[in-house]
Amino acid sequence: MSKRLLLNFLAVAVCALCLCSTALAQFNASLSGTVQDSTGAVVANATVTLVNLGTNQTQTTVTPNTGFYRFGQLPPGHYKLTATAAGFKGYTIADVNIAAETARSVNVNLAPGEATDTVNVTADQTPVLQTADASIGSTIDSEQIHRLPVFGANPYELLRTIPGIAGDSARSGAGQAIFLPNASGPNGSNSGVFQTENQTQISANGQRAADNNYTLDGVSVNSLSHGGAAVVTPNQEAIGQMTVLSTSYDAADGRNTGAQIKSITKNGTNDMHGSLFFLYDEPGLNAYNKWGGPTPGSLRTRAENKQRNWIASLGGPIAKDKLFYFFSWQGYTQVSNSYASQGWVETSAFRSLIQATRPGSVGSALFSTAGLDPRYVKVLNRGCADYSANQSMYPGQTDTNGLWCRAVGNGIDVGSPTAGGATQIGQYPTYRRFDPLDPLQATNPNLPSQEEVGGGLDNVADLQYVQFFKPGHSRGNQWNARGDWQITSSDLLAGSVYFTKLDNLTAPNNDSRPQGDIPFKPLNSAATILWIHTFSSAWINEFRANGTRFKDDQLADSGSLVNYGIPEIHLEGLPYTSANASAPQIQFGVPQGSGGSFAQNTIEFRDTVTHTFGSHILKAGVEFRFEQDNDDTVSSHARPVYSLRGLWNLANDTPVFEGIVANPNTGGAPSL
């Protein structure tokens, strides 16, 4: 966030605090109903009292001629409701459950009698049908979050249990999220609560996933670049309740037409409470594949995920009935190394040969860069059988005389560089592919083309077939803190902060080279100010403000081995691994489009006034949102991609294909 933007945010916040005599919280739940006698007639001038059983916060109202009462801006929790009136027995409901961001209706029936007598209702008579408004949805509380299984400790996985919400939670064999057909974006959570843009695989009443809306403590945490994705996902211990509406008719929810996911952070109470959770997953506990590796001679494989997950929380009072705190933390480490991939790679002898015979070439410079050596655990002897069977690429050719390939040690010799060539491009020649119309090759069908062997076999191993080692890890930490201050009986001040740090490493390069590793180390944060003031039983003012930020600079995080100065290079024309396999490739460099600098800021203010008159409720408010998207991916797309056929065209810097993303007007870097 720029210094100017930060100063503007502080200035607006200070002005808002100065204009409001008291503050407001993030709670948007309400309780209302009608006080009646035994005949069904309304009771005016009844005193209705609501007490929060966790914090002892007390609110009182007197019913008008309509007998209607209402308590607004309530935090989720358990309450005691009491009603008294002259000539009637007292009436008490010992436990009224208020769900997060949800309206609830409870009518009170008073019986004639002395005021000293009380009718006690000990059970919470929650109606099967919610009649306070027309919204369709449900609430997931912390007990359900703890009890139900979720993938990756991501509480948003439970959204599929809500009426009107559909999603199949599909996962690939590697555990990656598979998205719905009508979705686009980051494709769901693969890192649990540490997923930067968590676009959960759900559809509300057929709406697109991009139409879903995520709020945390009453304010938006939506991604700026992907609709329906949350930048901050609270951990399991941080969430007090999640109210999910598949159909909402509230004007305050008018920004998005899909599911409304409203998460409320746990708050401290007069009772000290805490939790501790630990998950342990170790490869040593897993069995190996019964039938061995993918091909004869390869190592047997097993699930290599190593995962540790810690979650802890602590909450309680600082000053009883007045000031409360709550903290939560989740830590996560996962090592997901892979040994299942196999393929051809160039040998160190080949790289040394090119540096000696082609000094000053691009290939020689490529082979001099750090982090170039492929990572593998075993060399698999395949010999020349695959190379000789390469007839679908070179029709009519068979290597019956061993002119194309020769086994040398644990590799194969497939030729050597030469100074000659039919077509001169720049300093070095382009080697020719087999051409059946060439008179020399037509009369000698077993003669290899220059593209195949260059200057001919030289008894130096150029290629090896190996079993790759592809490292991968993910580490994350999320810290959350919240405070609630009951300043007066009419004023409540609250606030919460979230910081989520992720450290991801993947090896997308086919050959698992360190120079192609892609780091992702974002820091996501959200801070919320929550302030409520009750002027009277008929007037309540609510003010909310927050800032959300997503920041990551992959270029700075990459380190010395990841070289974005190397183009994405593909080497084609290699031996098939089997008669029916697709043509393999050797790859160098980070994939085009990878790497970039990301910075997204959202600042939001909302003020709402609620007025109750008779049995009617009037709500009016204003919302201001400032969104700043400073993502810079120009450098990652400006890198070209090259494709070459055969080792010897690689040696001579002669690609057959080049692609780059460029501005068509200037020919320079694109404006993305």
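Residues numbered from 1 in each chain as written. Predicted model: local features only at pLDDT ≥ 70, side-chain atom pairs only at ≥ 80, totals over all residues. Heavy atoms only, no water.

### What about the overall build of the protein?
This is how it is decided: Secondary structure follows DSSP: runs of H or I at least 4 residues long count as helices, runs of E at least 2 residues long count as strands, and numbering of each begins at the N terminus. Throughout, exposure labels follow a simple rule: accessible area from a 1.4 Å probe, protein chains only, divided by the maximum for the residue type, with under 20% read as buried, over 50% as exposed, and the rest as partly exposed. It only takes one pair of heavy atoms within 4.5 Å for two residues to be counted as in contact.
Of the regular secondary structure elements, the protein holds 10 helices and 37 strands. In the protein, which comprises 672 residues, the proportion classed as buried is 50%. Within the protein, counting contacts between residues at least 6 apart in sequence, those at least 24 apart form 71% of the total.

### Some details on the state of the cysteines
In protein chemistry, a disulfide is the covalent bond that joins the sulfur atoms of two cysteines. Applied cut-off: Two cysteine sulfur atoms form a disulfide, by the criterion used here, when they sit within 2.5 Å.
Per the stated rule, a full pass over the model turns up one disulfide. The disulfide partner of cysteine 384 is cysteine 405, and the gap between their sulfur atoms is 2.0 Å. Handedness here is read from the sign of the S-S torsion; for cysteine 384 and cysteine 405, about -80°, the answer is left-handed. Of this pair, cysteine 384 sits in the loop between strand E21 (376–379) and helix H5 (385–388) while cysteine 405 sits in the loop between H5 and strand E22 (406–408), placing them 21 residues apart in sequence. Each member of the pair cysteine 384 and cysteine 405 is classed as buried.

### Brief notes about the side chain of histidine 611
For clarity, the cut-off: Pairing of N or O atoms within 3.5 Å defines a polar contact, subject to two protein rules: one partner must be a possible hydrogen donor and the other a possible acceptor, and residues neighboring in sequence count only if both atoms are side-chain atoms.
For histidine 611, the location among the structural elements is in strand E34 (residues 597–613). Judged by relative accessible area, which is 19%, histidine 611 ranks as buried. Within polar-contact distance, the side chain of histidine 611 engages the backbone oxygen of alanine 538 at 3.1 Å. Residue contacts for histidine 611: discarding those within four places in its chain leaves Ala538, Trp539, His616, Ile617 and Leu618.

### A look at the pattern of salt bridges
Basically, it comes down to this: Counted as salt bridges are all cases of a side-chain nitrogen of Lys or Arg within 4 Å of a carboxyl oxygen of Asp or Glu.
A complete count under the given rule lists 16 salt bridges for this structure. A salt bridge links glutamate 157 to arginine 160, with the shortest nitrogen-to-oxygen separation between them at 2.7 Å. By relative accessible area, which is 17% here, arginine 160 ends up buried. Among the charged side chains, a network of salt bridges with common partners joins Glu346, Arg351, Asp373, Asp511 and Arg513.

### Observations concerning the packing of aromatic side chains
Inclusion rule: Pairing of aromatic rings covers Phe, Tyr and Trp, the last through its six-membered ring, and needs centres within 6.5 Å; plane angles under 30 degrees mean stacked, over 60 mean edge-to-face, and all others mean tilted. Only when the NZ of Lys or the CZ of Arg is both within 6 Å of the ring centre and within 35 degrees of the ring normal is a charge said to sit over the ring.
On inspection of all chains with the given rule, the structure shows 13 aromatic pairs. A ring pair is formed by tyrosine 69 and phenylalanine 71, whose centres lie 5.9 Å apart and whose planes are at 55°; its orientation type is tilted. Owing to a relative accessible area of 2%, phenylalanine 71 belongs among the buried residues under this scheme. Judged by centre distance (5.2 Å) and plane angle (65°), the ring pair of tryptophan 344 and tyrosine 465 falls under edge-to-face. Note that tryptophan 344 is positioned in strand E20 (residues 342–346) and tyrosine 465 in strand E26 (residues 463–468), a separation of 121 residues in sequence. Of the two residues, tryptophan 344 and tyrosine 465, both sit in the buried class. Ring pairing ties together the aromatic residues Phe350, Phe367, Phe588 and Trp648, which thus form one cluster. Note that arginine 382 overlies the ring of tyrosine 465, its terminal NZ or CZ placed 4.9 Å from the centroid.

### A closer look at helix H3 (residues 348–357)
Filter applied, for reference: The directions considered for the arc are those from the helix axis to the C-beta atoms.
Taken residue by residue, H3 has Phe350, Arg351, Leu353 and Ile354 as its buried positions. Each buried residue of H3 lies within a common arc of 160° when the element is viewed along its axis, so the set occupies one face. Those residues of H3 hidden inside the fold are in contact with E20, helix H4 (362–366) and helix H10 (647–651).

### Notes on the environment of glutamine 467
Relative to the helices and strands, glutamine 467 is located in strand E26. Sequence separation of glutamine 467 and valine 379 is 88 residues, and the distance between their C-alpha atoms is 6.4 Å.

### Comments concerning the pairing of strand E1 (residues 29–36)
Put simply, the test is: Being paired, for any two strands, means DSSP has found at least two bridges between them.
Within E1, seven of the eight residues are buried, which leaves the element mostly enclosed by the surrounding structure. Pairing analysis gives five bridges linking E1 to strand E4 (residues 68–74), with the strands arranged antiparallel. By the bridge assignment for E4, leucine 31 is matched with phenylalanine 71. Note that E1 and strand E7 (residues 103–105) share three bridges and pair parallel.

### Here's the deal with the sheet that holds strand E5 (residues 77–84)
The strands making up a sheet associate through hydrogen bonds between their backbones, and the pairing can be parallel or antiparallel. Threshold: Axis definition: a line fitted to C-alpha atoms, over the contacting stretch in the case of helices. Angles run 0 to 180 degrees between N-to-C directions.
Pairing within the open sheet is mixed, and its five strands lie in the order E3-E2-E5-E6-E9. The sheet is open, and its two edges are formed by strand E3 (58–62) and strand E9 (118–121), each paired on a single side. Pairs of neighbouring strands in the sheet enclose a mean axial angle of 20°, with direction left out of account. When E5 meets strand E6 (residues 90–98), the two strands line up antiparallel, connected through six bridges. Bridging across to E6, glycine 77 finds its partner in isoleucine 98.

### Side note on the sheet that holds strand E13 (residues 213–216)
Within the open sheet, the five strands sit side by side as E10-E15-E16-E13-E14. Their pairing is mixed. The open sheet is flanked by strand E10 (136–141) and strand E14 (219–220), the only strands paired with a single partner. Here E13 runs beside strand E16 (residues 260–265); their pairing, made up of four bridges, is parallel. From the neighbouring strand, leucine 216 faces E16, where its bridge partner is serine 263.

### Here we look at the side chain of glutamine 73
Relative to the helices and strands, glutamine 73 is located in strand E4. For glutamine 73, a relative accessible area of 6% puts it in the buried group. A distance of 3.2 Å separates polar atoms of two side chains, one belonging to glutamine 73 and the other to glutamate 542.

### Here we look at a nonpolar patch on the surface
Where we set the bar: Residues forming no salt bridge and having over 30% relative accessible area are the ones grouped into patches, like charges within 9 Å of each other and nonpolar side chains (Val, Leu, Ile, Met, Phe, Trp, Tyr) within 5 Å. Accessible surface is estimated by sampling points in the Shrake-Rupley manner with a 1.4 Å probe; for residues, cover comes only from the protein chains shown.
A contiguous nonpolar surface patch, about 450 Å² in accessible area, is contributed by Phe278, Tyr280, Leu285 and Trp310. Looking at the element boundaries, leucine 285 is found in the loop between strand E17 (273–281) and strand E18 (305–319).

### Overview of the confidence of the model for the protein
Counted only if it meets this: Per-residue confidence from the predictor is reported as pLDDT, which spans 0 to 100.
The predicted model of the protein averages 78 in pLDDT, with 78% of residues at 70 or higher. Of the regions scoring below 50 in pLDDT, residues 391–395 engages in 14 contacts with residues more than four places distant in sequence or in other chains. Scored below 50 in pLDDT, residues 420–426 makes 11 contacts in the model with residues more than four places away or belonging to other chains.

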